[in-house]
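Reading the structure
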Amino acid sequence: MEKPRLIASDVDGTLLSPMEQVTKRTVETVGRAVEAGSPVVLVSGRPPRWIPRVAEEAGLDGYAVCANGAVVYDIGADRVVDVHGQLDPMLLHDVAEALDFAIPGCRLAAERIGTKAVDPDVRTFVIESEYHNPWGDGEGSVTSRAEVLGFPAVKLLVSHKKLTSDEMAMAARTVLDGAVDITFSSGGGLIELAAHGVTKATGLAGVARRMGVTAEHTIAFGDMPNDVAMLRWSGHGVAMANGHPLVLDAADEVTAPNSEDGVAQVLERWF
């Protein structure tokens, strides 16, 4: 493709190294792209509160698409500027009942959104007892399932210690296909549910419209199934070599793994 006018990158497993850092090479390449007039947008399953540290390391202060497309966050202003497709409590209860049937023993958590990355007026992450986070337990307010499901959420997370994410997604789709969108960004027994039609692609498309950029002038990088829609939407979708097979199949190109600065290796063609 010609020099991209918009660059979109997943965070974990893509922009970040296996040590969960932005390497010097990647920082320098991203900086040259931004200076040349090609904004870099972080597009992640992460909530806004997990974005500022990465943005600071990468030298970015523009937009981030969070919660797999449900939230657009202005990093520099520390402001949530758009929220799409929240799951309402009635739907959350119906989904939970179906999940108990399809994935016995699963545990739930809900991601909620305030007006900025850390909003003291909102309990942004609530979990029920024995919920397991593959990135490390310790975050979240432990509460009852009724409380987890009792307020609108941008994402419902479902964990199971004895199943892989692939297995869980397959089981969930047998009872929820079409009701919600099901994806995952970790193989370690965690799936992520969003309102039907809300993906990283829809979130990125909204940012692109704000910037006056079309899909054909956008390049996107990713490694997990929650990146597939974004890679397909973009004019050039790039999978990391360390990516999930579904991502490798969906991409226009496969770059080096995140351990070898795969994002930087591609962007250095232009910047």
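Rules used throughout
- Residues numbered from 1 in each chain as written.
- Predicted model: local features only at pLDDT ≥ 70, side-chain atom pairs only at ≥ 80, totals over all residues.
- Heavy atoms only, no water.
- Helix = DSSP H or I, 4+ residues; strand = E, 2+ residues; numbered from the N terminus.
- Expected span 1.5 Å × (residues − 1).
- Buried < 20%, exposed > 50% of the residue type's maximum accessible area, 1.4 Å probe, protein only.
- Contact = heavy atoms within 4.5 Å.
- Polar contact = N/O pair within 3.5 Å; in protein donor to acceptor, adjacent residues only side chain to side chain.
- Core = buried A, V, L, I, M, F, W, Y, C linked by side-chain atoms within 4.5 Å.
- Domains from an automatic or database assignment.
- Axes fitted to C-alpha atoms, helices over the stretch in contact; angles between N-to-C directions.
- Parallel < 35°, antiparallel > 145°, perpendicular 65-115°, else oblique.
- Left-handed = near helix turned anticlockwise from the far one by under 90°.
- Nonpolar A, V, L, I, M, F, W, Y, C, P; charged D, E, K, R; others polar.
- Salt bridge = Lys/Arg side-chain N within 4 Å of Asp/Glu carboxyl O.

An unreviewed UniProt entry annotates the chain as Putative HAD superfamily hydrolase of Saccharomonospora marina XMU15.

This part takes up helix 4 (residues 89-102). Its 14 residues give helix 4 an end-to-end C-alpha distance of 20 Å, which sits within 8% of 20 Å, the value for a rise of 1.5 Å per residue. For helix 4, the complete set of buried residues consists of Leu92, Val95, Ala96, Ala98, Leu99 and Ala102. Among the structural elements, strand 6 (107-111), helix 5 (145-148), strand 9 (155-159), helix 6 (165-176), strand 10 (180-183) and strand 11 (190-195) are those in contact with the buried residues of helix 4. Sitting at the head of helix 4, Asp88 places a side-chain oxygen 3.0 Å from the backbone nitrogen of Met90.

For soluble globular proteins, the rule of thumb is that nonpolar side chains tend to be buried together. Counting residues in hydrophobic clusters, the biggest one holds 63 residues, and the most contacted among them are Leu42, Leu99, Ile103, Leu108, Leu156, Ile191 and Leu193. Counting residues per element, this core draws most heavily on helix 4, which supplies six residues. Counting the residues that make up this core, at least three belong to each of domain 1 (6-84 + 199-268) and domain 2 (89-195). Membership of the second largest hydrophobic core comes to 20 residues, among which are Val41, Val43, Val81 and Val228.

Two elements in contact, helix 4 and helix 6, have axes whose closest approach is 9 Å; the angle formed by their N-to-C orientations is 125 degrees. Taken together, the axes of helix 4 and helix 6 lie oblique to each other. For helix 4 against helix 6, the interelement crossing comes out right-handed. Contact residues: Val95, Ala98, Leu99, Phe101 and Ala102 in helix 4; Ala171, Ala172, Val175 and Leu176 in helix 6. Grouping the constituent residues of the contact of helix 4 with helix 6 by class yields nine nonpolar, no polar and no charged.

Mapped onto the secondary structure, His160 falls in the loop between strand 9 and helix 6. Polar contacts involving the side chain of His160 include one to the main-chain amide nitrogen of Lys162, which spans 3.1 Å. Discounting residues that sit within four places of it in the chain, His160 has contacts with Ile103, Pro104, Gly105, Cys106, Met168 and Gly189.

This paragraph deals with the pattern of salt bridges. Under the definition given, this model contains 13 salt bridges. The residue Glu253 makes a salt bridge to Arg269 at a minimum N-O spacing of 2.2 Å. Of this pair, Glu253 sits in strand 14 (residues 253-255) while Arg269 is found in the segment after helix 10 (262-267), placing the two residues 16 residues apart along the sequence. Each member of the salt-bridge network shares a partner with another, and the members are Asp10, Lys200 and Asp227.

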